[in-house]
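Report on the structure
Each chain, letter by letter, is given below.
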Amino acid sequence: MRLPDVAIPVMLISSLAATIGLSCSGQLEAQPTNESPPSNMRAMITYIVDGDTVVVQVGHDEFTLDLYGIDCPEIGQRFGRVAAQYVDANLLGTSLTLSLAQSESTNRIQGRLFDNDGEDIQLRMLSLGLAWTAPYIFDGKLRYQREQHNAKQSRKGLWVETGQVPPWQFEFESNSIAAREPAGRWRSTEDTTTGASAELAEALSSIGYLSGHDEATDRDAGVTLYDSENAQPGLNLVVSGHGHEAMLVDMHGETVHRWRYPWKQVMPDWQHKIRSYGLGHEFWRRAHVFPNGELLAIYGNLGIVKIDKDSTLVWKYVGTCHHQFAIGSDDHIFVLTRTLKPIATIADLGNVVNDSITELGPDGQFVRTINLVDCFKNSEYAHELDRLKLTFDPMHVNSIQLLSGDNGIFREDRALISVRELDLLAVVDLETEQIVWTLSGPWLRQHDPELLDTGRILLFDNLGHDGRSRVLEIEPMTGEIVWSYAPTDPNSFYTADCGLSHRLENGNTLAIESNRGRAIEIDPPGNVVWEYRNPNRAGDQNELVATLLDVVRLPRGFAEGWANGGVVPPK
């Protein structure tokens, strides 16, 4: 990935070259690799472009630096975000030694970085499987290749899978198909990664899911099927990836109310606080509407807000909120968040994502954070951490449901969570901060487990149906699948990520194929009695169907007295 360069004055290049005795006649001359880097060139990383491109500060000057001798996966490739996240978590803001190398032009500077112990940062990234040795010839290349070979033999980082494509080949192939594929940040990374599976190990690319996925057509928008005799009547709270809004849609697809609140009004300077490789997303990830029309909404990895029926801000909480939240009987809010700290079983990566649950008061004030890695570590289920992969987001918790009553394991003051990267369901005791139950099964990269009134668990299984999607109803004590929706046509029901399922009052199941922008209501025999296709669009030219992030069925008279017919008040 190559973003526009930070402007580098010629005098700065000359002064940098002079610092270590290089000439500056059009290009910086090649410098032999030394085992001991020069000690008079101190630099600090101030900004991350991608894993091998950073902005560094030397004295009072800043410039773009390409890490010499390595080539990290592109942001759109497997482990591209992991490499960038590693640099961010472990090197951003730290004092390093810079050894300049050859520059391809006067507008690019290349160099090696070393830590305070003299360790070669580029070699470290190769040893962790976060980079390839660069294809060009340079002094010390044999040593770099040896480190890459060792990482490959140990199946570290990107080498956990076969068929990985070097970034220089990826760039060529991406350019060759650009004319026939949708462009822009809305394109799903797994669809454009040559040789990669749909299961993204660098799960941070899914913190805020892409706002659009499938190519849009003029047909199939809104409600396309409605069996009024067998469908559950009501209104539908629709959360779509096209923007910072949610809609109430009736069973015929008509919008009866709309909420909207842009993140830039929550935090006007947010773009200066988010890294360039896209950890934050302005569109809403999940929402909950109260009977009086007030609404809670999450912006992916940015924060959570409460607004009233007229889209006026009630309160805000800025933090790494993501995926889902749950509301307790005392109106306290438990939202999934993330922190950075090492995990012992994958200590080589340094600081990695630790999933947490943050408790907020009814007014949005911070109460506490529960670290879920510690909840595993301090329980009899600590062995589950041994299964963590060498990736920056090793757990990727994507769901939380607060439990209630006195139902044995599933009792009050506990929460049911989904750990996607371990294909694991778990119950965490919010008082003792320990995991008290886990369950694995024939599901893969699952989302949205929901404990039903029957004591069974409804689950959206993304990839466990021969690589396709299905909805499961599970007996939690035995793991037995007692009901499923798994169409025999492999193309009729599928979303590689996201995806939800809700059990309705009449016994039907509402299932959301997020990437395709489709929601269907299924009766117990498996017949589709209602279908909604997202009419909202995403992409530079509105060429993509917006991701359908949730649809919740509400009682028919829920919005009586405050719905405004879809009119959004001026802001």
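No experiment lies behind these values; they were computed from the predicted model shown.

Examining the side chain of His-322
Along the polypeptide, His-322 turns up in the loop between strand S18 (313–318) and strand S19 (325–327). On the accessibility criterion, His-322 (0% relative accessible area) is buried. In terms of polar contacts, His-322 uses its side chain to reach the side chain of His-323, at 2.8 Å.

Remarks on the sheet that holds strand S20 (residues 333–341)
Ordered in space as S19-S20-S21-S22, the four strands form an open sheet in which the pairing is antiparallel. The open sheet is flanked by S19 and strand S22 (366–371), the only strands paired with a single partner. Strand-to-strand, the axes of this sheet are offset by a mean angle of 35°, without reference to chain direction. Of the pairings in the sheet, the one linking S19 to S20 comprises three bridges and is antiparallel in character. By the bridge assignment for S20, Ala-326 is matched with Phe-334.

Some words on the environment of Leu-113
As for its position among the elements, Leu-113 is in strand S8 (residues 109–114). Sequence-wise, Leu-113 and Met-41 are 72 residues apart; in three dimensions their C-alpha atoms are separated by 10.0 Å. With residues up to four places along the chain from it excluded, the contact list for Leu-113 reads Ile-45, Leu-65, Leu-67, Leu-96, Thr-97, Leu-98, Glu-119, Asp-120, Ile-121 and Gln-122.

Remarks on the pairing of strand S27 (residues 424–429)
Counted residue by residue, S27 has six buried out of six residues, so it is predominantly covered. The pairing of strand S26 (residues 414–419) with S27 spans six bridges and is antiparallel. When the sheet's bridge partners are listed, Leu-416 is paired in S27 with Val-427. Linking S26 back to S27 in an antiparallel pair, the connection comprises four residues, with Asp-423 at a positive phi of about 55°. Direction of pairing for S27 relative to strand S28 (residues 434–440): antiparallel, over a ladder of six bridges. Looking at the pairing, Leu-425 lines up with Leu-439 of S28. Hairpin connection, S27 to S28: the antiparallel pair is bridged by four residues, and Glu-433 has positive phi, about 55°.

Section: the layout of surface pockets
In this structure, the largest pocket occupies an estimated 1500 Å³ of space. Forming the walls of the largest pocket are 46 residues, and the residues nearest its centre are His-288, Ile-327, Gln-401, Leu-402 and Glu-450. When contributions to the lining of the largest pocket are tallied by element, the ones reaching two or more residues are strand S15 (284–289), S19, strand S23 (397–402), strand S29 (447–451), strand S33 (500–503) and strand S39 (548–554).

So, the confidence of the model for the protein chain
Averaged over all residues, the pLDDT of the protein chain equals 82, while 80% of them reach at least 70. pLDDT under 50 marks residues 175–209. Its contacts with residues more than four places away, or in other chains, come to 106 contacts. Segment residues 272–278 is flagged for pLDDT under 50; beyond a separation of four residues in sequence, or across chains, it makes 19 contacts in the model.

Section: the pattern of salt bridges
Between side chains of opposite charge, pairing is possible as soon as their charged atoms come close. As enumerated under the stated definition, the model contains 28 salt bridges in all. In this structure, Glu-245 engages Arg-258 in a salt bridge whose closest nitrogen and oxygen atoms are separated by 3.0 Å. With Glu-245 in strand S13 (residues 245–249) and Arg-258 in strand S14 (residues 255–260), the pair connects residues that are 13 residues apart, well separated along the chain. A single burial state applies to Glu-245 and to Arg-258, both of which are buried. For the salt bridge of Arg-445 with Glu-421, the shortest nitrogen-to-oxygen distance reads 3.8 Å. One end of the pair, Arg-445, is in the loop between S28 and S29; the other, Glu-421, is in the loop between S26 and S27, with 24 residues separating them in the sequence. Here Arg-445 matches Glu-421 in class, with each residue buried. Shared partners join several salt bridges into a network, and the residues in it are Glu-513, Arg-516, Arg-518, Glu-531 and Arg-533.

What counts, and at which threshold
- Residues numbered from 1 in each chain as written.
- Predicted model: local features only at pLDDT ≥ 70, side-chain atom pairs only at ≥ 80, totals over all residues.
- Heavy atoms only, no water.
- Helix = DSSP H or I, 4+ residues; strand = E, 2+ residues; numbered from the N terminus.
- Buried < 20%, exposed > 50% of the residue type's maximum accessible area, 1.4 Å probe, protein only.
- Polar contact = N/O pair within 3.5 Å; in protein donor to acceptor, adjacent residues only side chain to side chain.
- Pairing = 2+ DSSP bridges.
- Axes fitted to C-alpha atoms, helices over the stretch in contact; angles between N-to-C directions.
- Contact = heavy atoms within 4.5 Å.
- 1 Å grid on protein atoms, 1.4 Å probe; cavity = no way out; pocket = protein on both sides within 12 Å on 5 of 7 lines; lining within 4 Å.
- Points joined across faces, edges and corners; volume = space filled by probe spheres on them.
- pLDDT = per-residue confidence, 0-100.
- Salt bridge = Lys/Arg side-chain N within 4 Å of Asp/Glu carboxyl O.

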